[in-house]
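If you want the building blocks of each chain, they are given just below.
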Amino acid sequence: MPNIAQALEKVHERIAAAAQAAGRDPDEIRLLAVSKTKPPEMIREAWEAGQRAFGENYVKEALSKMDALDDLVIEWHYIGRIQGNKTRDIARHFAWVHGLDKLKHARQLSEYRGESRPPLNCCIQVNLSGEHSKGGIEADILPELAQAVSRLPRLELRGLMTLPDPSGSREEQAEVFEQLAELFGQLRKQGLPLDTLSMGMSGDLELAIAAGSTMVRIGTDIFGPRN
Ligand SMILES: *Cc1c(COP(=O)(O)O)cnc(C)c1O
């Protein structure tokens, strides 16, 4: 088993170095540890090393880990594809959702989010690499969706998320991150109080931070490769 505490420290060092190279404050960049497919014991180990925010892609798997770890205070982020029949569980059990790409899902999430909990933090996923299988909306309908989501009572629109095509060149990935940052800036100019640019994974966190990322989602470089 990899040493998770050491791996986390290395990732923090990479974030700090990338921030410094970009003339940014490393404290502006949050680390989301992506624990999909990894057992609760590994999440516990990361928690003991100070990590508090974890990302999961599959609702059922996530719920069973939440159960196993219910003695810990964890900020759970749902980063998988959203399915209509899962919006109730997502709204009830997660603090954040990163892959919002349908108004219908947003309405359901808002409806199911309990009044006693803080609003569900959301990022809208934008598809900038032209691949349709991965989800995300086209950039031209973003302003309309963002305005509509921001008006839903139980959601807090925090920002934008993207997944670049992993087979693309470094230049293409950098381009995607820059485009997302540009869209983020435009929405903020329109008055939306966004603070989160969710972009960057194990292989490209430096490029994402150079383009303005405020939350990197790291799995492999913390927990090791997935089977
Ligand atoms: C799996 C996953 C990650 C983590 O990717 P790594 O390359 O393992 O760091 C980040 N974001 C999303 C949406 C994912 O599905």
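Quick look at the structure, then. All values derive from a computational prediction rather than experimental measurement. (Residues numbered from 1 in each chain as written. Predicted model: local features only at pLDDT ≥ 70, side-chain atom pairs only at ≥ 80, totals over all residues. Heavy atoms only, no water.)

Quick look at the pattern of salt bridges
Working step 1: Scanning the model with the defined rule gives eight salt bridges in all.
Working step 2: Put simply, Arg 14 and Glu 206 hold a salt bridge, and the shortest N to O gap is 2.9 Å. With Arg 14 in helix 1 (residues 4-21) and Glu 206 in helix 8 (residues 205-211), the pair connects residues that are 192 residues apart, well separated along the chain.
Working step 3: Its salt-bridge partner being Glu 75, residue Arg 30 comes within 2.8 Å of it at the nearest N-O pair. Here Glu 75 lies in strand 3 (residues 75-78) and Arg 30 lies in strand 1 (residues 30-34), a separation of 45 residues in the sequence.
Working step 4: Residue Glu 75 is classed as partly exposed on the basis of its relative accessible area of 25%.
Working step 5: Among the charged side chains, a salt-bridge network with shared partners connects Arg 14, Glu 206 and Asp 221. (Salt bridge = Lys/Arg side-chain N within 4 Å of Asp/Glu carboxyl O. Helix = DSSP H or I, 4+ residues; strand = E, 2+ residues; numbered from the N terminus. Buried < 20%, exposed > 50% of the residue type's maximum accessible area, 1.4 Å probe, protein only.)

Points about the nonpolar core
Working step 1: Core analysis: the largest hydrophobic core is formed by 62 residues, its most contacted members being Ile 124, Leu 142, Leu 160 and Ile 222.
Working step 2: Tallying contributions element by element places helix 7 (residues 170-189) first for this core, with seven residues.
Working step 3: Setting aside chain neighbours within four positions, we find Ile 124 in contact with His 98, Leu 100, Ile 137, Leu 142, Leu 145, Ala 146, Val 149, Leu 157, Gly 159, Leu 160 and Met 161.
Working step 4: Leu 32, Ile 79, Ala 95 and Trp 96 belong to the second largest nonpolar core, which has nine residues in total. (Core = buried A, V, L, I, M, F, W, Y, C linked by side-chain atoms within 4.5 Å. Contact = heavy atoms within 4.5 Å.)

Side note on the layout of surface pockets
Working step 1: Roughly 460 Å³ of volume is contained in the largest pocket.
Working step 2: Along the walls of the largest pocket sit 23 residues, with Lys 36, Asn 57, Ile 79, Gly 80 and Leu 163 positioned nearest its centre.
Working step 3: For the lining of the largest pocket, the per-class residue count stands at eight nonpolar, nine polar and six charged. (1 Å grid on protein atoms, 1.4 Å probe; cavity = no way out; pocket = protein on both sides within 12 Å on 5 of 7 lines; lining within 4 Å. Points joined across faces, edges and corners; volume = space filled by probe spheres on them. Nonpolar A, V, L, I, M, F, W, Y, C, P; charged D, E, K, R; others polar.)

Regarding the site of the ligand
Working step 1: In the vicinity of the ligand, 13 residues are found, and the nearest of them are Lys 36, Asn 57, Ser 202, Gly 219 and Thr 220.
Working step 2: For the ligand, an oxygen atom lies 2.7 Å from a polar atom in the side chain of Lys 36.
Working step 3: One nitrogen or oxygen atom from the side chain of Arg 226 is found 2.8 Å from an oxygen atom belonging to the ligand.
Working step 4: In isolation the ligand exposes 390 Å². Once the protein is present, 89% of that is buried. (Near = heavy atom within 4 Å. Polar contact = N/O pair within 3.5 Å; in protein donor to acceptor, adjacent residues only side chain to side chain. Areas by Shrake-Rupley, 256 points an atom, 1.4 Å probe, with all protein chains shown as cover.)

Regarding helix 6 (residues 142-150)
Working step 1: Among all positions of helix 6, only Leu 142, Leu 145, Ala 146, Ala 148 and Val 149 are buried. Taken down its axis, helix 6 places every buried residue within 165° of arc, on the same side.
Working step 2: Contacts made by the buried residues of helix 6 are with strand 4 (96-100), helix 5 (103-112), strand 5 (120-125), strand 6 (155-161) and helix 7. (Arc of directions from axis to C-beta.)

Some points on the environment of Ala 148
Working step 1: Residue placement: Ala 148 occurs in helix 6.
Working step 2: Given a relative accessible area of 17%, Ala 148 falls into the buried group.
Working step 3: C-alpha of Ala 148 to C-alpha of Ala 106: the two residues are 42 residues apart in sequence and 9.0 Å apart in space.

Overview of unusual backbone geometry
Working step 1: Of note, Thr 37 is a non-glycine position whose phi angle comes to about 70°, a positive value.
Working step 2: Note on placement: Thr 37 falls in the loop between strand 1 and helix 2 (40-48).

Looking at the packing of aromatic side chains
Working step 1: This structure, assessed with the given rule, holds two aromatic pairs.
Working step 2: On the basis of an interplanar angle of 45° and a centroid distance of 6.2 Å, the ring pair of Phe 54 and Trp 76 is categorised as tilted. Of this pair, Phe 54 sits in strand 2 (residues 53-56) while Trp 76 sits in strand 3, and the two are 22 residues apart along the sequence.
Working step 3: Taking the relative accessible area as the measure of exposure, Phe 54 reaches 0% and is therefore buried.
Working step 4: Judged by its relative accessible area of 8%, Trp 76 is buried.
Working step 5: Between the aromatic rings of Tyr 78 and Phe 94, the centroid separation amounts to 5.3 Å while the plane-to-plane angle is 70°, which identifies the pairing as edge-to-face. Of this pair, Tyr 78 sits in strand 3 while Phe 94 is found in the loop between helix 4 (87-93) and strand 4, placing the two residues 16 residues apart along the sequence. With respect to class, Tyr 78 is no different from Phe 94; both count as buried. (Phe/Tyr/Trp six-rings, centres within 6.5 Å; stacked < 30°, edge-to-face > 60°.)

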